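If you want the building blocks of each chain, they are given just below.
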Amino acid sequence: MENNREIPYKIYLEEHEMPRQWYNVRADMKKKPAPLLNPQTMQPITAEELEGVFCKELVKQELDENTAYIDIPEEILSFYKMYRPSPLVRAYCLEKKLGTPAKIYYKFEGNNTSGSHKLNSAIAQAYYAKQQGLKGVTTETGAGQWGTALSMACAYLDLDCQVYMVKVSYEQKPFRREVMRTYGASVTPSPSEKTEVGRRIREEFPGTNGSLGCAISEAVEAATTQEDYRYVLGSVLSQVLLHQSVIGLEAKAAMDKYGIKPDVIIGCAGGGSNLGGLISPFMGEKLRGEADYRFIAVEPASCPSLTRGVYAYDYCDTGKVCPLQKMYTLGSGFMPSASHAGGLRYHGMSSTLSELYDQGLMEAVSVEQTSVFSAAQEFARVEGILPAPESSHAIKVAIDEAIRCKETGEEKTILFGLTGTGYFDMYAYQRFNDGEMGDYIPTDEEIAAAVAKLPKI
Ligand SMILES: *Cc1c(COP(=O)(O)O)cnc(C)c1O
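Residues numbered from 1 in each chain as written. Predicted model: local features only at pLDDT ≥ 70, side-chain atom pairs only at ≥ 80, totals over all residues. Heavy atoms only, no water.

Asker: Just to check I follow, could you spell out the overall build of the chain for this structure?
Answerer: Counting its secondary structure elements, the chain contains 18 helices and 15 strands. Here the chain has a C-alpha radius of gyration of 20 Å; the compact-globule value for 457 residues is 23 Å, and the two agree. With respect to the three principal axes, the spread of C-alpha positions in the chain is 65 × 50 × 45 Å. A sequence separation of at least 24 residues applies to 77% of the contacts in the chain between residues at least 6 apart. As displayed, the chain offers around 17,100 Å² of accessible surface, 48% of which is attributable to carbon and sulfur atoms. Looking at charge distribution, the chain has the averaged site of its 47 positive side-chain charges lying 2 Å from that of its 59 negative ones. (Helix = DSSP H or I, 4+ residues; strand = E, 2+ residues; numbered from the N terminus. Rg over C-alpha atoms; globule rule 2.2 N^0.38 Å. Contact = heavy atoms within 4.5 Å. Areas by Shrake-Rupley, 256 points an atom, 1.4 Å probe, with all protein chains shown as cover. Lys, Arg positive; Asp, Glu negative; His and termini not counted. Charge placed at Lys NZ, Arg CZ, Asp CG, Glu CD.)

Now the structure itself:
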C-alpha cells in the first residue's frame, strides 16, 4: 500500500513544466459535436459569418475540430506565469474529517484576483483581440467572475472592456462591480435600456432578474453596433474549453509526477468550461483507449440542463442573435431562479460536453443549493479555503463519493476542480448561516414549457 505521506499537501509544477500548448479534445472524438448554425439561415455557420461577432483567431479555434495541440502564445504564457501553475492539493484534512479511505485531490483555480479559472481564457481572448488591432471587447457576466477576469486581461493589454452584468448579480454583488471598474471596465446591469434587445426583453419580462442568456444578447448587439469591437464569451464555446485545458494538463502533469491516477474526476458545470478543461487530457486518453476514468458533471437542481434538459439545437442567448448550438438545454427562454451560484445559471451546455455526455462517456448529477452550502462549510472548516458556491457543487459530490468509499472500503482516488473562492458571495453565505436559504427546483411543467419553444430544426 502506498504511503500517503509521501505525497505533499500541495503539488506544484516548476515553471518549465507548465504546458506550452492547449489540448483540443474534439480532435480525439470520433463523433464530433454538431456544427454551429447561423440563426438566420439555419445552415452551418461559416468563419466569415462568425468573424462579424468574434475575433478572427478565436473563430479559427472555434471551428477547428482536428488539431489536437495548439501553441500558447509567449505573451499569454508569461501572463499565466503570474498566477500559474495553480496548486494541486491533496485534501488530507478533509479525508481525515470524513474518515474515508478515498484519496481526494483538488485543483485550485482561485489564486488570482478574479478569484476563478476564468482568467485562463480571458487573457487568451483579450490577446487575440489586441493582435487583431481592435479597440475593445464586449461581454456578459453572471456572477461577475468572468467580467472581473476579462477586465483584468483588458487592463493588462490596454483594451476597452464593456460588461453587461446580470441584474440580480449587479445588485447582490456591488463589490464585484467595483473590482471591474477599478480595472477600467464599464459595467451595465442587464437587461438594460442601452440595446434594442435589452429593451425588448424588459418589455416581455417586466421586473426580470436578468439571465446570462439576456446579457449575452445585449453584449453581442453592443459589439456588432460599434466599430472595432468584438464580443467575447467566458464559457460554453469550444475555444473556451480549449483555453481551459491548461487546468487539466497541469493537473495531469502534477499527478504523473507522483504516479497518481484518478478514478473519478468531478467538476461543476455551468456552461462547461472548467469541467471541459479539467477532464480534457484524461478524456483524450479514454477516447484513444489508453486509460479509463469516470467523469461527473455537477449542476444545480435549479438549472439542470444535462440531467433534465433535451439534446437539441437551441439559441445560446435569450435574444436569439447568437449562432445556434446543439446541446443539452432547458430552452433559451428558461429563466432560472435567483440561486446563489450565478455562474451555473445557464440554460445550455458546451456542445463538446453535451456530445460526450450523449455518448455515455460522462455522467451528470444535480444537487440542491442548501446541500451544496453544507458541503462548502464542511470543506472551508477543514481545508481553509472559502469556496465559491459554483465550485462547492463539485465539493458536494466529491464528499458524497468519499463517503461511499467509506461504506464500501474502496480506496478510490478522486480529483475535483475547485474553480474559485467565494469572497464576493458572502450574501449567499449569510442566507445560509441564517437558515434562510431555500431550494428551488423547477417543475416538469416549467421545463416542458421552455423546451416546447425550442427552434424546430
Ligand atoms: C463561471 C464559473 C463556473 C462555471 O462556469 P463553467 O464554464 O461551467 O466552468 C464555475 N465556478 C466558478 C468559480 C465560476 O466563476
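Asker: Could you clarify how one ought to interpret the packing of aromatic side chains in this entry?
Answerer: In the structure shown here, the tally under the stated rule is 16 aromatic pairs. Ring plane angle 50° and centroid distance 6.0 Å describe the contact between Tyr 293 and Phe 295, whose orientation is recorded as tilted. Aromatic pair Phe 379 and Phe 416: ring centres 6.2 Å apart, planes at 75°, arrangement edge-to-face. Here Phe 416 lies in strand β15 (residues 413-418) and Phe 379 lies in helix α15 (residues 369-383), a separation of 37 residues in the sequence. Neither residue differs from the other here; Phe 379 and Phe 416 are each classed as buried. Among the aromatic side chains, those forming a connected cluster through ring pairs are Phe 79, Tyr 80, Tyr 83 and Tyr 156. In this structure, Lys 261 is placed above the aromatic ring of Tyr 293, and the distance from its NZ or CZ to the ring centre is 4.6 Å. Cation over ring: Lys 326 sits above Tyr 311, and NZ or CZ is 4.4 Å from the ring centre. (Phe/Tyr/Trp six-rings, centres within 6.5 Å; stacked < 30°, edge-to-face > 60°. Buried < 20%, exposed > 50% of the residue type's maximum accessible area, 1.4 Å probe, protein only. Lys NZ or Arg CZ within 6 Å of the ring centre and 35° of its normal.)

Asker: For this particular structure, what's the right way to read the site of the ligand?
Answerer: As a matter of local geometry, the ligand sits amid 19 residues, with Lys 118, Ser 235, Gly 270, Ser 273 and Asn 274 nearest to it. Within the backbone of Gly 270, an N or O atom sits 2.7 Å from an oxygen atom of the ligand. Between the ligand and the protein, one listed contact pairs an oxygen atom with a side-chain N or O atom of Asn 274 at 2.7 Å. Here the ligand, which alone exposes 380 Å², has 98% of that area covered by the protein. For the shell around the ligand, the secondary structure elements donating two or more residues are α12 (273-287) and α16 (389-408). Residue composition of the shell around the ligand, grouped by class: 4 nonpolar, 13 polar and 2 charged. Each of domain 1 (10-16 + 84-115 + 245-451) and domain 2 (21-72 + 117-231) accounts for three or more of the residues forming the shell around the ligand. (Near = heavy atom within 4 Å. Polar contact = N/O pair within 3.5 Å; in protein donor to acceptor, adjacent residues only side chain to side chain. Nonpolar A, V, L, I, M, F, W, Y, C, P; charged D, E, K, R; others polar. Domains from an automatic or database assignment.)

Asker: Whenever I open this one, the environment of Ala 380 confuses me. Can you help?
Answerer: Structurally, Ala 380 can be placed in helix α15. Sequence separation of Ala 380 and Ile 70 is 310 residues, and the distance between their C-alpha atoms is 37 Å. With sequence-adjacent residues up to four places away left out, Ala 380 is seen in contact with Ile 385, Leu 386 and Pro 387.

Asker: Looking at this structure, how should I read unusual backbone geometry?
Answerer: Most of the time, phi is negative for any residue but glycine, and the peptide bond is trans. At the junction of Arg 84 and Pro 85, the peptide bond is cis and its omega measures out at -10° in the coordinates. Tracing the backbone through its elements, the reader meets Pro 85 in the loop between α3 (74-83) and β4 (88-90). Of the consecutive residues Ser 190 and Pro 191, the connecting peptide bond is found in the cis state with omega at 5°. For Asp 158, which is not glycine, the phi torsion reads 60° and is therefore positive. Mapping Asp 158 onto the fold places it in the loop between α6 (145-157) and β7 (160-166). In the Ramachandran plot, Val 236 falls in the positive-phi region, its phi being about 65° despite a non-glycine side chain. Structurally, the position occupied by Val 236 is in the loop between β9 (229-231) and α11 (238-257).

Asker: Just to check I follow, could you spell out the packing of helix α5 (residues 119-131) against α6 for this structure?
Answerer: For any two helices packed against each other, the geometry comes down to the angle between their axes and how far apart the axes lie. Orientation of α5 relative to α6, taken along the N-to-C sense of each, is 40°, at an axis distance of 8 Å. One finds that α5 runs oblique with respect to α6. The two elements α5 and α6 meet at a crossing, and its hand is right-handed. Of the residues in α6, those touching α5 at Leu 119, Ser 121, Ala 122, Ile 123, Gln 125, Ala 126, Tyr 127 and Lys 130 are Trp 146, Ala 149, Leu 150, Met 152, Ala 153, Cys 154, Tyr 156 and Leu 157. Looking at the contact of α5 with α6 residue by residue, the classes come out as 13 nonpolar, 2 polar and 1 charged. (Axes fitted to C-alpha atoms, helices over the stretch in contact; angles between N-to-C directions. Parallel < 35°, antiparallel > 145°, perpendicular 65-115°, else oblique. Left-handed = near helix turned anticlockwise from the far one by under 90°.)

Asker: I'm lost on helix α8 (residues 174-182) in this one. Help?
Answerer: Residue pairs three or four apart in sequence face the same way in an α-helix, which turns once every 3.6 residues. Within the span of α8, buried status applies to Arg 176, Arg 177, Val 179 and Met 180. Considered in projection along α8, the buried side chains sweep an arc of 160° and stay on one side of the axis. Residues of α8 that are exposed and point over 90 degrees away from its buried face: Phe 175 and Thr 182. Considering only its buried residues, α8 is in contact with β6 (136-141), α6, β7, α7 (167-172) and β8 (186-190). (Arc of directions from axis to C-beta.)

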